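Overview (structure and organization)
The primary structure of each chain is shown beneath.
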Amino acid sequence: MSLSASVHLRRCFARNKTFVRCINSSSSDTHRKTTSFGFQTVPEDAKESMVKSVFDSVASKYDLMNDAMSMGVHRLWKDQFVGDLKPGRRGPMRCIDVAGGTGDIALRILDFAREKYADRETSVEVVDINDQMLKEGFRRFKQTMYHNTPQISFHEANAQSLPAEQFPDNSYDLYTIAFGIRNVTSIPAVLEEAYRVLKPGATFACLEFSRVDNPLLGTLYDQYSFHIIPLLGTILTGDRASYQYLVESIRKFPSQPDFARMIRDAGFVTGKDIDGGAWTNLWGGVACVHTGVKV
Amino acid sequence: MSLPRTLARFSAAAKPNTASMKTRLINTTPAYPGHIPLNSFENAFLAVGSAVMSLLDPYRADLIAALGETTAGPALPRLRDIMLASPEGRQILKDRPRINTQTVDMNALAQLPEGTWGRTYKTWLERTGVTPDSREPVHYVDDPELAYVMQRYRECHDFYHSICNFSVNVESELAIKYFEFANLGLPLAAISAIGGPLRLNAKKRSILFSEYVPWALKYGSTSQCLITVYWEKRWEQNVDDLRTELGIRDSPARWSRKSSATVEPSAEPTST
């Protein structure tokens with residue numbers, strides 16, 4: 001089964017030589033642990049480098065593609081995400097923004113604390129596994145007042161295993177991860193790391209694409225995702241495969257109650273399993289904010 | 001997909017224990033490696049999107065290719081039938097030869113005598129700096145044979161340049177597009193021919209429309225349909241004989257002094 005998966009992947013990603021090398025090296029060992037890469041099933045150790053290839057190729061036009069795919073709505077979602085968290089309300093915070101390469105969330109956190117609470121001590125450490133995305137973020141932050149201040153720093157690290165010297169236990173007041181957690185190989189590992197680095201009383205917040213329950217909206221959303229988005233990827237960036245992966249990975253992500261349960265399994269305390277409790281649906285579930293508190 | 005059909009799919013899926021839960025309304029299995037099936041809305045969307053984007057950024061060869069495939073329509077079956085009507089064309093459809101540096105021995109071509117078609121093509125490649133390896137594979141044509149016809153057209157494009165003795169600057173490309181439209185009838189050629197000149201300055205546009213286009217339309221329509229020519233079997237043929245056989249004469253192309261400088265005077269192609 002993994003052999004036919006590897007043949008199929010070779011066809012899909014034939015132009016990207018990194019993928020071909022990657023797939024050729026995986027043997028048809030059916031006992032190896034597998035995970036999902038969009039709708040395909042791949043060996044677990046292959047997923048990380050495949051995701052890396054996707055984000056290496058989308059990095060420079062990531063924001064253009066986000067705007068084209070969501071018709072600019074992702075900005076509203078991120079505004080609401082940060083607005084509901086109210087960073088800086090109870091004094092300066094040490095925040096960690098994971099998978100936050102291009103710095104969208106970090107910038108919003110720092111702006112919110114500064115504008116609403118006149119807070120210039122809150123800091124955000126942006127962590128991402130992909131150095132191209134971090135470079136984009138660094139370049140964008142040069143256009144802001146936070147460049148070269150202790151308020152912002154960029155770190156290349158794997159969310160599933162944050163190095164303990166750089167990211168000690170119990171050191172952050174806020175952990176955010178926006179549109180990143182569906183790309184990791186093991187979600188529980190990321191949640192455990194989040195639990196480790198947060199201080200007691202601190203908040204875990206995750207913004208991610210999720211399940212749409214409403215059948216009419218769901219149908220429109222599916223049509224748009226599977227028919228328009230890969231074509232937009234072809235037209236704007238010449239890279240259909242990466243955007244096909246992105247829309248498929250959204251469908252494979254756990255539903256709202258399942259993800260809330262995974263957050264609780266990592267040790268966090270969440271609200272009730274209803275919309276408005278452990279999670280808040282945005283636009284009917286197209287995007288969703290999950291929160292938890294470490295006690 | 002239309003809403004009624006989608007709802008029908010949902011209601012079919014809601015019935016328990018029926019085989020229809022697994023049926024799909026459109027076939028999305030790839031018909032050949034690299035095939036990306038599109039429904040008619042996606043096809044139109046890609047056609048319009050690639051037209052706009054390739055006008056904005058003409059270096060996106062992959063989008064020009066996509067535009068050609070999504071707008072080909074009835075032109076490809078017509079070309080395939082023309083190929084089937086000629087013995088040489090039938091041989092091409094049977095062999096399905098590809099043109100790239102793996103399949104064509106460039107060294108052998110360089111050693112052919114002056115005045116042969118193979119040597120002319122190799123000289124043309126050197127003068128223009130083009131390589132036959134950079135052609136985008138076909139993705140959006142559903143029938144594998146028609147996909148091959150499209151691929152063949154794309155790979156033979158350089159041959160058309162070379163046999164008509166045109167360079168690869170913008171006005172020469174447009175001249176070849178006019179030639180192709182008259183000769184093969186592909187909508188992409190017409191679209192490029194209309195959209196392309198918008199990017200030219202007045203002097204180049206005047207050369208294009210006063211010299212190149214009349215020649216291209218006249219000889220494109222009277223010469224043999226070039227898709228039926230099995231170029232790879234004619235490397236040793238004398239290029240002037242080949243041009244006479246095909247009906248191509250008096251090329252008005254101008255080459256800049258820079259590209260002529262690398263070639264010895266004896267090899268200068270003379271327009272007959």
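Remember, it's a predicted structure, so these values are computed and weren't measured experimentally. (Residues numbered from 1 in each chain as written. Chains lettered and ligands numbered in written order. Predicted model: local features only at pLDDT ≥ 70, side-chain atom pairs only at ≥ 80, totals over all residues. Heavy atoms only, no water.)

What about empty space enclosed by the protein?
Residue and element names in this part refer to chain A. Enumeration over the complete set of coordinates arrives at 4 cavities of 30 Å³ or more. What the largest cavity holds in volume is close to 470 Å³. Taken together, 32 residues line the largest cavity, and the ones lying closest to its centre are Ala99, Asp128, Ile129, Gly180 and Asn183. Among the secondary structure elements, those contributing two or more residues to the lining of the largest cavity are helix H3 (44-58), helix H4 (62-70), strand E3 (94-98), helix H6 (104-117), strand E4 (123-128) and strand E6 (172-178). Along the lines of polarity and charge, the residues of the lining of the largest cavity split into 15 nonpolar, 11 polar and 6 charged. (1 Å grid on protein atoms, 1.4 Å probe; cavity = no way out; pocket = protein on both sides within 12 Å on 5 of 7 lines; lining within 4 Å. Points joined across faces, edges and corners; volume = space filled by probe spheres on them. Helix = DSSP H or I, 4+ residues; strand = E, 2+ residues; numbered from the N terminus. Nonpolar A, V, L, I, M, F, W, Y, C, P; charged D, E, K, R; others polar.)

Some points on the pairing of E4(A)
On a regular strand, one side chain projects to one face of the sheet and the next to the other, so that they alternate. Residues and elements named next belong to chain A. Within E4, 6 of the 6 residues are buried, leaving the element largely enclosed by the surrounding structure. Side chains of E4 alternate between two faces, with Ser123, Glu125 and Val127 and Val124, Val126 and Asp128 buried alike. Where E3 lies against E4, 5 bridges are found, and the strand directions are parallel. Opposite Arg94, over in E4, you have Ser123 as the bridge partner. Running through H6, the crossover from E3 to the neighbouring parallel element E4 is right-handed. With 5 bridges joining them, E4 and strand E5 (residues 152-156) adopt parallel strand pairing. Across the sheet, the residue bridging to Val127 is His155, located in E5. Tracing the backbone out of E4, into helix H7 (residues 131-141) and back to the parallel element E5 gives a crossover that is right-handed. (Buried < 20%, exposed > 50% of the residue type's maximum accessible area, 1.4 Å probe, protein only. Pairing = 2+ DSSP bridges. Right-handed = clockwise from strand over helix to strand, strands pointing away.)

A word on the domain arrangement of chain A
Residue and element names in this part refer to chain A. As assigned here, chain A comprises domain 1 (3-56) and domain 2 (73-210 + 253-294). Across the contact, 8 residues belong to domain 1 and 10 residues belong to domain 2. Surface buried jointly by domain 1 and domain 2 totals about 770 Å² across both partners, of which 48% is contributed by carbon and sulfur atoms. Three residues, Lys47, Glu48 and Phe55, lead the burial of domain 1 against domain 2; their summed loss comes to 60% of the area buried on that side. (Domains from an automatic or database assignment. Contact = heavy atoms within 4.5 Å. Buried area = accessible area lost by both parts, 1.4 Å probe.)

Regarding the sheet that holds strand E9 (residues 287-293) of chain A
Residue and element names in this part refer to chain A. Strand order across the open sheet formed by 7 strands is E5-E4-E3-E6-E7-E9-E8, with mixed pairing between neighbours. Of all the strands in the sheet, just E5 and strand E8 (279-282) have a single pairing partner and so form its edges. If you compare each strand with its neighbour and ignore which way they point, the axes differ by 15 degrees on average. Of the strand pairs in this sheet, strand E7 (residues 198-209) and E9 are connected by 7 bridges, and their pairing is antiparallel. If you follow Glu208 over to E9, its bridge partner there is Cys288. In this fold helix H5 (residues 73-85) packs onto E6, E7, E8 and E9, with an angle of close to 160 degrees to the strand it touches most, E7. (Axes fitted to C-alpha atoms, helices over the stretch in contact; angles between N-to-C directions.)

A few points about the UniProt feature "binding site: S-adenosyl-L-methionine" (unreviewed entry) in chain A
Residue and element names in this part refer to chain A. Residues given the UniProt feature "binding site: S-adenosyl-L-methionine" (unreviewed entry) here are Thr102, Asp128, Asn158 and Ala159. As for the annotated residues, the ones lining the largest cavity are Thr102, Asp128, Asn158 and Ala159. Mapping Thr102 onto the fold places it in the loop between E3 and H6. Those residues in contact with Thr102 that lie beyond four places of it in its chain are Tyr62, Asp63, Met133, Glu136, Gly137 and Arg140. (UniProt positions renumbered as here; feature names shortened; annotations may be inferred.)

With respect to unusual backbone geometry
Of note in this structure, A:Lys86 is not a glycine but carries a positive phi near 50 degrees. Its location among the elements puts A:Lys86 in the loop between H5 and E3.

With respect to the pattern of salt bridges
Applying the stated criterion to the full structure yields 30 salt bridges over all chains. Salt-bridge contacts for B:Arg80 lead to B:Asp81; the nearest nitrogen and oxygen are separated by 3.5 Å. Residue B:Arg80 is classed as buried on the basis of its relative accessible area of 18%. Judged by relative accessible area, which is 42%, B:Asp81 ranks as partly exposed. For the salt bridge of B:Arg135 with B:Asp158, the shortest nitrogen-to-oxygen distance reads 2.8 Å. On the criterion of sequence distance, the pair formed by B:Arg135 in the loop between helix H7 (117-128) and helix H8 (144-163) and B:Asp158 in helix H8 is long-range, its members being 23 residues apart. Classification of B:Arg135 as partly exposed rests on a relative accessible area of 24%. Via salt bridges that share partners, A:Lys78, A:Asp104 and A:Arg140 belong to a single interconnected network. (Salt bridge = Lys/Arg side-chain N within 4 Å of Asp/Glu carboxyl O.)

Structural notes on helix H5 (residues 87-95) of chain B
What sets the pattern is the α-helix's 3.6 residues per turn: residues three or four places apart point alike. Residues and elements named next belong to chain B. Three or more residues of H5 are buried, namely Gly89, Ile92 and Leu93. Buried positions in H5, seen along its axis, are confined to an arc of 95 degrees and lie on one side of it. Away from its buried face, by an angle of more than 90 degrees, H5 presents the exposed residues Pro87 and Lys94. In the core, the buried residues of H5 are packed alongside helix H4 (75-85) and H8. Arg96 lies just past H5 and shows a positive phi near 45 degrees. (Arc of directions from axis to C-beta.)

Re the UniProt feature "binding site: Zn(2+)" (unreviewed entry) in chain B
Residue and element names in this part refer to chain B. As recorded in UniProt, the feature "binding site: Zn(2+)" (unreviewed entry) lies at His157, Asp158, His161 and Glu173. The named residues occupy 17 residues along the chain; their greatest pairwise C-alpha distance, 10.1 Å, places them in one compact cluster. Residues that both appear in the annotated list above and line the second largest pocket are His157, Asp158 and Glu173. Contact partners of His161, with chain neighbours within four places excluded, come to Trp124, Phe166, Ser167, Val168, Ser172, Glu173 and Ile176. Tracing the chain through its elements places Glu173 in helix H9 (residues 170-184). Judged by relative accessible area, Glu173 falls into the partly exposed class, the value being 26%. With residues near it in sequence (within four places) discarded, Glu173 still touches His157, His161 and Val168.

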